[in-house]
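Per-entry structural report
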Amino acid sequence: MALIGMREVSWGFGAASLLDEVTFHIEKGERVCLLGRNGVGKSTVFRLLNGEMQPDNGEIWRQPGITVAALEQGVPRGFDGTIFDVVAGGLAQNAPPTSDASDALQHNMENENSWELQRRVESVLTRTGLDFDRKFADLSAGMKRRTLFARALARDPDVLLLDEPTNHLDIESITWMEAFILRHIKTLLFITHDRAFLKKIATRILELDRGRLTSWACDYDTYLERRQAALEAEEKQQGEFDKKLSREETWVRQGIKARRTRNEGRVRSLESMRREHQMRRQRIGNVTLQVQETERTGKMVIEAKGVQYAYDRQPIIRDFSTLIMRGDRVGIIGPNGAGKTTLLNILLKRTDPDSGTVRHGTNLQVAYFDQLRAELDERKTVAENIAEGNDTIVFNGRSRHVIGYLKDFLFSAERCRTPVHVLSGGEKNRLLLARLFTRPANVLVMDEPTNDLDIETLELLEELLFQFEGTVLIVSHDREFLNNVVTSTIVFEDRGDVIEYAGGYDDWLIQRAGSQPEEPVAKKEPEKKEKNRPQREARLGYKELRELESLPQRIEMFEAEHADLFAEMSDPLFYKKDKDDVARVTSRLEELEQAIAHAYARWEALEADAG
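Residues numbered from 1 in each chain as written. Predicted model: local features only at pLDDT ≥ 70, side-chain atom pairs only at ≥ 80, totals over all residues. Heavy atoms only, no water.

It is worth spelling out the overall build of the protein at this point. A tally of helices and strands in the protein yields 20 helices and 20 strands. In the protein, buried positions account for 48% of the 611 residues. At a minimum sequence separation of 6, the contacts of the protein that also span at least 24 residues come to 68%. (Helix = DSSP H or I, 4+ residues; strand = E, 2+ residues; numbered from the N terminus. Buried < 20%, exposed > 50% of the residue type's maximum accessible area, 1.4 Å probe, protein only. Contact = heavy atoms within 4.5 Å.)

And the structure:
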């Protein structure tokens, strides 16, 4: 049964509308991913479906009585109070962002039982692992996103809209969200650049391209193959059309005799072809990425021995050693706030460790990509941030006009003169890449480079880093990106333990299931990415096989206890019990949520190894 959709919806200005007579619907139980390049109108689709905007033409329709809730891409300003206040504020239909718990509950008092609404909020907070009383303003960006996710869930939506839900989340939070959605969310439409998340969640793909929407009822890898075939067929058809148009233009320009006797029907057909060609919308081009050449570093690039660092007496890095050689591509992963950027700064000698040593090789020329975009001057234009007031830059020994250079990064001449503060997140990241590559470098350091980039640009960046002959250090939460790029992975484990593993994210999952490496690991050269990448061979030991066999039963026990406790909390008399009993049940429910999520993740990892 279809729950929501569009009928011949158009929206936009001028000839190139963002949406051009778009029609689609979402069935109950579907998890649909909306794909498209930056700026094609994906967020516009969300706002139309959520009722925040009205279409220029066409109809947005819903099944009567259904509830739609949305998680926006950014963290809106204006939220105040505790986590409970922010989540409860989502219960008020059309409530302003600053609406607190009492406002929301009062808003619905006449229509629903306020006790039931309070229980619903507490249930959502427990399931999402959030502390009721923490101040929203004090949270990290990742925890704010989780709180806003819970705010959307509090409305118990029939259709959930998620715009870049993994932005600002660390890998642990992303895998938690995946497990939560698969267990609890039946119908959703989401936008993401996280290909691992997409592959895990989506049951269907919608692609928005040049104002039109195409549905692909298949997995992501099959979608890539079918889309490529469709683009090749379109290119061939347009080539044949252009050849015919050229022949007709030649015919109509023939001498006086030909014009006197020409076929007027053929002339009208030519005029129609001209209009069709003029109205043709070209696909958005690809970013052109190229690193400036410079002298090579020595064979040894960075050596760290016995590095230790603490903040406010809490250990961040304990007894960490590594040897990074020329050509290594090293990924750094860990929870938000673990100290990944601090480790980068220590390795680059920008921050002194409490103890231990860091030694650099010869001739290091470092280019640094900052996730906070601090290197961009928001008051200056796009062009001024690249050329600092000049009209040209020097790239690989040749002078290039700054506008021409920025066109390689999909900035039009008009956009080049735009102040940076009005750019979208994706545009700012493209500008950071453009600025980064103006500098000759043999060491690239990239702190969260994948945020807000569309998938096509991500794949081009992967290709560039794969071909780069220098050394790369990357902090990222994008699992697919890490798998395709890095040769080793430095992981922040518990209590300041920082351990290096060979290979990418999936290799780390395999290795952490066994014993941790005692000796420095040899860097692993990843195979060049192809459409059908061969699966790794992995075998389970006796202990892992026994664990795999026991996991389904353990999960069943956890979920049964979870259901019992949830039923106990649903009793209106539950909150009249002793405060300690309420806290004990609430705490145990949270522990079970985490245990179930970890068990599912472990089960998946072991099955992948066994297969």
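On to the sheet that holds strand S4 (residues 57-62), then. The strand order across the open sheet built from 3 strands is S2-S1-S4, with neighbouring strands paired in antiparallel fashion. Among the strands making up the open sheet, the edge pair consists of strand S2 (19-27) and S4. Ignoring strand direction, the axes of neighbouring strands in this sheet form an average angle of 5 degrees. Alignment of strand S1 (residues 2-11) against S4, held across 5 bridges, turns out to be antiparallel. Across the sheet, Met6 pairs through a bridge with Ile60, a residue of S4. (Pairing = 2+ DSSP bridges. Axes fitted to C-alpha atoms, helices over the stretch in contact; angles between N-to-C directions.)

This part covers the sheet that holds strand S6 (residues 159-163). Spatial strand order, S5-S6-S7-S3-S8-S9: 6 strands in an open sheet with mixed pairing. Of all strands in the sheet, those bounded by a partner on one side alone are strand S5 (68-71) and strand S9 (212-216). Along the sheet, successive strands turn relative to each other by an average axial angle of 20 degrees, direction set aside. Pairing geometry for strand S8 (residues 204-209) and S9, over 5 bridges, is antiparallel. Residue pairing in the sheet places Ile205 in a bridge with Trp216 of S9.

What follows is about the nonpolar core. A general feature of soluble globular proteins is that nonpolar side chains tend to end up buried together. Leu406, Leu431, Phe437, Leu444, Leu461 and Leu465 are the most contacted members of the largest nonpolar core, which totals 49 residues. It is helix H15 (residues 425-436) that provides the largest number of residues to this core, a total of 5 residues. If sequence neighbours within four positions are ignored, Leu444 has contacts with Val291, Ala367, Leu436, Phe437, Leu465, Phe468, Thr471, Val472 and Leu473. Of all hydrophobic cores here, the second largest spans 46 residues; its members include Leu35, Leu71, Phe149 and Leu162. (Core = buried A, V, L, I, M, F, W, Y, C linked by side-chain atoms within 4.5 Å.)

Take helix H6 (residues 171-184) next. In this model H6 runs 20 Å from its N-terminal to its C-terminal C-alpha over 14 residues, within 8% of the 20 Å that 1.5 Å per residue would give. Burial in H6 covers these residues: Ile171, Ser173, Ile174, Trp176, Met177, Glu178, Ala179, Phe180 and Ile181. (Expected span 1.5 Å × (residues − 1).)

With that settled, the discussion passes to the environment of Ile490. With respect to the helices and strands, Ile490 occurs in strand S19 (residues 488-492). Taking C-alpha positions, Ile490 is 7.2 Å from Val330, a pair spaced 160 residues apart along the chain. Setting aside anything within four residues of it in sequence, one finds Ile490 in contact with Phe320, Val330, Gly331, Ile332, Ile333, Leu343, Val498, Ile499 and Glu500.

All right, on to unusual backbone geometry then. Unlike most non-glycine residues, Glu8 shows phi in positive territory, near 50 degrees. You can see Glu8 is positioned in strand S1. By relative accessible area, which is 53% here, Glu8 ends up exposed. Non-glycine residue Arg313 carries a positive phi angle of around 70 degrees. By the secondary structure assignment, Arg313 is in the loop between strand S10 (300-311) and strand S11 (314-325). The exposure class of Arg313 is exposed, given its relative accessible area of 83%.

Note that Lys42 resides in helix H1 (residues 42-49). Polar contacts involving the side chain of Lys42 include one to the main-chain carbonyl oxygen of Gly36, which spans 2.9 Å. Of the polar contacts made by the side chain of Lys42, one reaches the backbone oxygen of Arg37; its length is 3.0 Å. In this view, Lys42 contacts Leu34, Leu35, Gly36, Arg37, Ile191 and Leu208; residues no more than four positions away in its chain are not counted. (Polar contact = N/O pair within 3.5 Å; in protein donor to acceptor, adjacent residues only side chain to side chain.)

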